Amino acid sequence: MDALNAIVALANFVLVPAIAYGSQLALGALGVTLIYGILRFSNFAHGDTMAFGTMVTVLATWGLQAMGVSLGPLPTALLALPVGILGCMALVLVTDRAVYRFYRAQKAKPVILVIVSIGVMFIMNGLVRFIIGPGDQRFADGERFIVSARTFKDMTGLEEGLAIKTTQGITVITAVIVVALLFWFLNRTRSGKSMRAYSDNEDLALLSGINPDRVVMITWLIVAALATVAGVLYGLDKSFKPFTYFQLLLPIFASAIVGGLGNPIGAIAGGFVIAFSEVTITYAWKKVLGYALPESLEPEGLVQLLSTDYKFAVSFVILLIVLLFRPTGLFRGKAV
Amino acid sequence: MAEAFLIGENMTGGYGKSGPDILHDCTVAVEPGEIAVIVGPNGAGKSTAMKAVFGMLSLRRGAVRLDGEDITALSPQERVRKGMGFVPQNQNIFASMSVEENLEMGAFIREDDIGETMEQVYDLFPILRDKRRQAAGELSGGQRQQVAVGRALMTKPKVLMLDEPTAGVSPIVMDELFDRIIEIARTGLPVLMVEQNARQALAIADKGYVLVQGANAHTGTGKELLADPDVRRSFLGG
């Protein structure tokens, strides 16, 4: 029984949250990695792009809720998601036209584009706070749990409960669908292949008649969709606060770089590596170890390696280790 | 004499807007069914001459005509659409994509069915058919060059231009590549190429251009040039 309890406690506090968080990071990192692969710069505005898309979704959700529309047990935000994606697409296309296109025409160095994207980040950041305010917004509704801890205990008779939040379930399912769609697009369609070709060898892509403007536009559209989905899933799971999204930039970049910048599979793997490390290192293992170890070895302290305040430090240490020993990331992306 | 199918005539120019001239009154041309080879010592402007024909540098004087049409002002991309296939010397494949995807991307500008052309490329380079699902970057040097040439053939070009196709491959692979190039030329497709391996290249050339310091030094059939004591002494090594 103790072994089972240990496993259930582990699943409840580590596996389930880390899988959900990992999916959110993976979606975010996919956006960063696509921009890096096609537009060849690290987009520091990505976190705030996510915030903008999420904000539009939140506003649309409130609108729907005011009209009395709901999805029953599912969050209304899923209905509002397309609106958010369209809003975010409009934002990135306007930004690209107003800002990035100028620097592309100058053939600006990547480092200049990075600085430019930091400027864009501040503007988006201000825009979001101006519209929705800097505070915490909750917009999740519908059924809260797929399986609640109490039901699980009643069902199994175990001491430990396993809770799976609706938002966690939705996160994983949506992430799987989005990733499948993305890979289908990149590997099976002409436009997707032309994106990969452009990322692989820009000059040869031009010689093959691939239109760079079109590739760039499609990339921004996909990135806007990915960013909004990632942002909304994160917001549903936790809550929406502009500053949190700015902070998310750190683990997202760590995921993209750990996996190998420019490599979509790497971005997904990196997202889970970072999420699992963050959660396992900041989790207090007392309970799980209490079940798993014989009574004499039961730990007295919390067995928490790092306080959750330091969770970002975890991303950075992993980032450092990977960059030291495998500079192109786990899945051999481009050198940073 | 009627004008050649593709001709870069009296080309003078260099890189950038104000760069020094590298080509001086240089002329290269190729006829259907022919292989024309540009050879010369290092730094003679061989690759530059080919890039000039393809529009990768702006000419101060001279003209490029394809099938009688003046294309001097067109960009390389526009020249591809006019029917010029170009295989650069370096980075001439999409290394992370499969062989088949490389060929598909080569045919990106075509709207019609590319299946037939792809079959022709596979018939020409049978090894590529076996490796079509493999990433092009994992292939050997000679196979990569086959992918590069195959990619250029996918547009159904009217003329094929190769910049040092045998750079960095072994002598056996080089002979094999030359055989394939002869085969391509026999189908009527004019081939213009730059080559380091002058002796072997001139042996298969219908026409050869020896460039020295960006200017035409000797012109003739491959055999004539190989027999020319001047050419032999100055850079074929006796």
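Basis of the calculations
Residues numbered from 1 in each chain as written. Chains lettered and ligands numbered in written order. Predicted model: local features only at pLDDT ≥ 70, side-chain atom pairs only at ≥ 80, totals over all residues. Helix = DSSP H or I, 4+ residues; strand = E, 2+ residues; numbered from the N terminus. Rg over C-alpha atoms; globule rule 2.2 N^0.38 Å. Buried ≥ 20, exposed ≤ 12 C-beta atoms within 10 Å, placed from the backbone. Contact = placed C-beta atoms within 7 Å. Domains from an automatic or database assignment. Nonpolar A, V, L, I, M, F, W, Y, C, P; charged D, E, K, R; others polar. UniProt positions renumbered as here; feature names shortened; annotations may be inferred. Axes fitted to C-alpha atoms, helices over the stretch in contact; angles between N-to-C directions. Parallel < 35°, antiparallel > 145°, perpendicular 65-115°, else oblique. Left-handed = near helix turned anticlockwise from the far one by under 90°. Bend = angle between axes of the 7 residues up to and from the residue. Pairing = 2+ DSSP bridges. Core = buried A, V, L, I, M, F, W, Y, C linked by C-beta atoms within 7 Å.

Caption draft 1: Focus on the overall build of chain B. On a plain count of helices and strands, chain B comes out with ten helices and ten strands. On C-alpha atoms alone, chain B measures out to a radius of gyration of 17 Å, which is about the 18 Å that the 2.2 N^0.38 rule sets for 238 residues. For chain B, with 238 residues in total, the buried portion stands at 45%. Long-range contacts, defined as pairs at least 24 residues apart, comprise 67% of the intrachain contacts of chain B with a sequence gap of at least 6.

Caption draft 2: Quick peek at the domain arrangement of chain B. Residue and element names in this part refer to chain B. Looking at the assigned domains, one finds that chain B contains domain 1 (1-83 + 160-170 + 191-238) and domain 2 (90-157). Computed from C-alpha coordinates alone, the two centres of domain 1 and domain 2 are separated by 25 Å. Listed per partner, the contact involves eight residues of domain 1 and nine residues of domain 2. Put simply, the parts of the chain that give the side of domain 1 that touches domain 2 at least two residues each are α2 (76-82) and β7 (159-163).

Caption draft 3: Quick look at the interface of chain B and chain A. Residue-level contacts link 17 residues of chain B with 13 residues of chain A. Elements with a minimum of two residues in the side of chain B that touches chain A: α2 and α3 (99-106) of chain B. When the residues that make up the side of chain B that touches chain A are grouped by side-chain class, the tally is nine nonpolar, five polar and three charged.

Caption draft 4: Quick look at the UniProt feature "transmembrane region" (unreviewed entry) in chain A. Residues and elements named next belong to chain A. Residues annotated in UniProt with the feature "transmembrane region" (unreviewed entry) correspond here to residues 6-39, 51-71, 77-99, 111-132, 162-186, 215-236 and 305-325. Within the segment residues 6-39, helix and strand shares are 97% and 0% respectively, and the terminal C-alpha atoms sit 47 Å apart. The span residues 111-132 shows a helical share of 100% and a strand share of 0%, and its end C-alpha atoms are spaced 32 Å apart.

Caption draft 5: Molecular detail of the packing of helix α3 (residues 77-105) of chain A against helix α4 (residues 110-132) of chain A. Residue and element names in this part refer to chain A. Put simply, α3 and α4 touch, their axes get as near as 10 Å, and they point 160° apart. By the angle class used here, α3 and α4 are roughly antiparallel. Note on packing geometry: the crossing formed by α3 with α4 is right-handed. For the pair α3 and α4, contact is made by Thr95, Val99 and Tyr103 and by Ile112, Leu113, Val116 and Val120, respectively.

Caption draft 6: Spatial organisation of α3(A). Residue and element names in this part refer to chain A. The principal kink in α3, of about 45°, is found at Asp96. Here α3 has its buried residues at Ala77, Ala80, Leu81, Gly84, Ile85, Cys88, Met89, Leu91, Val92 and Tyr100. Among the structural elements, α2 (46-66) and α9 (212-237) are those in contact with the buried residues of α3. Lys107 occupies a position one or two residues after α3 and carries a positive phi of about 55°.

Caption draft 7: Structural context of the sheet that holds strand β5 (residues 69-70) of chain B. Residues and elements named next belong to chain B. With antiparallel pairing, the four strands of this open sheet are ordered in space as β2-β1-β4-β5. Of all the strands in the sheet, just β2 (23-30) and β5 have a single pairing partner and so form its edges. Direction of pairing for strand β1 (residues 6-13) relative to β2: antiparallel, over a ladder of five bridges. If you follow Ile7 over to β2, its bridge partner there is Ala29.

Caption draft 8: Just the sheet that holds β7(B), in detail. All names here are of chain B. Taken in spatial order, the six strands make up an open sheet running β6-β7-β8-β3-β9-β10, and their pairing is mixed. Each edge of the sheet is formed by a strand with only one pairing partner; in this case those strands are β6 (84-87) and β10 (215-220). Going across the sheet, the axis of each strand differs from the next one's by a mean of 15°, ignoring polarity. The pairing of strand β3 (residues 35-39) with strand β8 (residues 191-194) spans four bridges and is classified as parallel. The partner of Ile38 across the bridge, within β8, is Val194. The sheet strands contacting helix α1 (residues 46-54) are β3, β6, β7, β8 and β9 (207-212), and the helix crosses β7 at an angle near 145°.

Caption draft 9: Local environment of the nonpolar core. Membership of the largest hydrophobic core comes to 163 residues, with the highest contact counts inside it found for Ala49(B), Met161(B) and Leu192(B). The greatest single-element share of this core, amounting to 18 residues, is contributed by helix α1 (residues 2-38) of chain A. When we break this core down by domain, the ones giving at least three residues each are domain 1 (1-83 + 160-170 + 191-238) and domain 2 (90-157) of chain B. Beyond its immediate chain neighbours, meaning those up to four positions away, Leu192(B) contacts Leu6(B), Val28(B), Val30(B), Ala36(B), Met50(B), Val159(B) and Met161(B).

Caption draft 10: Seen up close, the packing of α2(A) against α9(A). Residues and elements named next belong to chain A. Between α2 and α9, whose axes approach to 7 Å, the crossing angle comes to 70°. In terms of orientation, α2 lies roughly perpendicular with respect to α9. Considering the relative orientation of α2 and α9, their crossing is right-handed. Note on element contacts: α9 touches α2 through Ala224, Ala227, Thr228, Ala230, Gly231, Val232 and Gly235, opposite His46, Thr49, Met50, Ala51, Gly53, Thr54 and Thr57. Here the residues of the contact of α2 with α9 sort into six nonpolar, eight polar and no charged.

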